[in-house]
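Architecture and fold: a report
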Amino acid sequence: MQKIWKPALDGRKWSLGKIMNSILNERGIMNQDRFLYPIEEDLLPLDSFLNIKQAADVVVSGIKNKNSFLVYFDSDTDGVTSGAIMTRYLRDHSINPDVYINSGKQHGLKYEAPCFKKRYDIVIIVDSIETEPYLYEELLY
């Protein structure tokens, strides 16, 4: 059976600017320049993130002590972006971390985590929040 495409809005003859304006307007973004080109004051202050100082201390200490690292992330846009940033940071500091990309669209650990069979000193899970603490606790053993 052939799929029939019935878009609510057919923008095929629109310019890229018009398409972007339509998407941003639909999402309620009024100041499009500030959204697309944010400045520092548009960003959340880093110290507003829970336990960010402790997390930074773990990474810096792990680099200093030449610990083994695993960077775990999923394959969507923000997962790959945050995973790549963390991996590059570690490589720039002479650490070559193992990397595991969760190939599914699910977030979190419960869907696949064969990489955890190997023991790491530090596991960095970016863009992945679990509501079940036992899933993280299992990584310790």
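Here the structure is a predicted model, which means the values were calculated and not measured.

With that settled, consider helix H4 (residues 77-92). Compared with the 22 Å implied by 1.5 Å per residue over 16 residues, the 22 Å span of H4 between its first and last C-alpha is a close match. Those residues of H4 lying buried are Gly79, Gly83, Met86, Thr87 and Leu90. Mapping the buried residues of H4 onto a view down its axis gives an arc of 100°, with all of them on the same face. Residues of H4 that are exposed and point more than 90 degrees away from the buried face comprise Thr77, Ile85, Arg88 and Asp92. Residues of H4 that are buried sit in contact with helix H3 (52-64), strand S1 (69-74), strand S2 (98-102) and strand S3 (122-125). Where H4 ends, the next residue or the one after it, Ser94, has phi of about 65°, a positive value.

A word on the packing of aromatic side chains. Tallied over the entire structure, the rule returns one aromatic pair. With 5.5 Å between their ring centres and 15° between their planes, Tyr72 and Tyr100 make a pair best called stacked. On the criterion of sequence distance, the pair formed by Tyr72 in strand S1 and Tyr100 in strand S2 is long-range, its members being 28 residues apart. We classify Tyr72 as buried; its relative accessible area is 1%. A relative accessible area of 17% means that Tyr100 is categorised as buried.

Following the criterion strictly, the structure yields three salt bridges and no others. Of the charged contacts, one joins Asp42 and Arg34 as a salt bridge, the two residues approaching to 2.6 Å between their closest N and O atoms. Residue classification places Arg34 among the partly exposed residues on the basis of a relative accessible area of 31%. In this structure, Asp57 engages Lys53 in a salt bridge whose closest nitrogen and oxygen atoms are separated by 2.9 Å. Of this pair, Asp57 and Lys53 both sit in helix H3, four residues apart, roughly one helical turn.

Quick notes on the rules
- Residues numbered from 1 in each chain as written.
- Predicted model: local features only at pLDDT ≥ 70, side-chain atom pairs only at ≥ 80, totals over all residues.
- Heavy atoms only, no water.
- Helix = DSSP H or I, 4+ residues; strand = E, 2+ residues; numbered from the N terminus.
- Expected span 1.5 Å × (residues − 1).
- Buried < 20%, exposed > 50% of the residue type's maximum accessible area, 1.4 Å probe, protein only.
- Arc of directions from axis to C-beta.
- Contact = heavy atoms within 4.5 Å.
- Phe/Tyr/Trp six-rings, centres within 6.5 Å; stacked < 30°, edge-to-face > 60°.
- Salt bridge = Lys/Arg side-chain N within 4 Å of Asp/Glu carboxyl O.

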